[in-house]
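# Residue-level structure breakdown
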Amino acid sequence: MSKLYFRYGAMNSGKSTNLLQVAHNYEERNMQVIIMKPKTDTKGENKVISRLGIAREVDFLVSGEENIFEMVENWREKNGTVDCILVDEVQFLKEKQVDQLFEIAVKLDIPTICYGLRTDFQMRGFEGSTRMLLLAHSIEELKTICKCGKKAILNGRKIKNNFVFEGMQIVIDNEIDIKYESLCARCYFDLKKEYENRKEK
């Protein structure tokens, strides 16, 4: 039986780069991969984009209502064998869609490797990643560092270069002057305190 893999990490931990490398490794051996990402991730439109500047068009942009299991089954009927499914930004998928990825690994016997964030800028879980943590056969952290040099485990949201700790859960970076930065827990709490002090003034 194949497995469902969840590879998570803070911003800039190389998730998309790792996905593209895995795709290359399979294809170098003449194996067939399917790459998909949620439509919610508007950055790069229909491409997976690494911060190193590497990009690749996805096979499927998945809306919240689509059945991923059926999509893969239909693709196989038309095109033949699938050796691996790769999913970018899995945190934006619906819970039922993560269940479908689990079924793909188990029932269709296709290794399914998913990449995404574990928590948002308020330390809350995303629907997709929360379900991944419950179902994935294998969970692996991709590591990166905070600006202070310590291991980053959280994500900070910046608007016009100022960290903020309130707002909608999903806002894609580079929209309306929003950017994200990976942070260690200490820096996160220090910046949150500064934010709260600014609000009180």
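Owing to the predicted nature of the structure, the values given are computational and were not obtained by experimental measurement.

## Describing unusual backbone geometry
Most peptide bonds are trans, and most residues other than glycine sit at a negative phi. Even without being glycine, asparagine 12 reaches a positive phi, approximately 65°. You can see asparagine 12 is positioned in the loop between strand E1 (4-8) and helix H1 (15-28). The backbone of lysine 160 shows a phi angle near 50°, a positive value even though the residue is not glycine. Structurally, the position occupied by lysine 160 is in the loop between strand E11 (154-159) and strand E12 (162-164). Of the residues examined, lysine 160 reaches a relative accessible area of 61% and is grouped as exposed.

## Overview of the side chain of glutamine 100
Here glutamine 100 shows up in helix H3 (residues 95-107). Apart from the residues lying within four places of it in its own chain, the contact partners of glutamine 100 are Glu66, Asn67, Ile68 and Phe69.

## Regarding the sheet that holds E11
Ordered in space as E12-E11-E13, the three strands form an open sheet in which the pairing is antiparallel. Lying at the two open borders of the sheet, with one neighbouring strand each, are E12 and strand E13 (178-183). The mean inter-strand angle of the sheet, taken between neighbouring strand axes irrespective of direction, is 45°. Taken together, the six bridges between E11 and E13 define a ladder with antiparallel strand orientation. By the bridge assignment, isoleucine 159 is partnered in E13 with isoleucine 178. Packing against the sheet, helix H5 (residues 185-200) makes contact with E11, E12 and E13, and its axis sits at approximately 95° to E12.

## With respect to the packing of H3 against helix H4 (residues 127-135)
One way to put it is that H3 packs onto H4 with a least axis distance of 8 Å and a crossing angle of 35°. Between H3 and H4 the crossing geometry is right-handed. Contacts between H3 and H4 involve Glu95, Val98, Asp99 and Phe102 on the former and, on the latter, Glu127, Gly128, Arg131, Met132 and Leu135. Residue composition of the contact of H3 with H4, grouped by class: four nonpolar, one polar and four charged.

Reading the values: the criteria
- Residues numbered from 1 in each chain as written.
- Predicted model: local features only at pLDDT ≥ 70, side-chain atom pairs only at ≥ 80, totals over all residues.
- Heavy atoms only, no water.
- Helix = DSSP H or I, 4+ residues; strand = E, 2+ residues; numbered from the N terminus.
- Buried < 20%, exposed > 50% of the residue type's maximum accessible area, 1.4 Å probe, protein only.
- Contact = heavy atoms within 4.5 Å.
- Pairing = 2+ DSSP bridges.
- Axes fitted to C-alpha atoms, helices over the stretch in contact; angles between N-to-C directions.
- Left-handed = near helix turned anticlockwise from the far one by under 90°.
- Nonpolar A, V, L, I, M, F, W, Y, C, P; charged D, E, K, R; others polar.

Remember that the coordinates give geometry; whether it matters functionally is a separate question.
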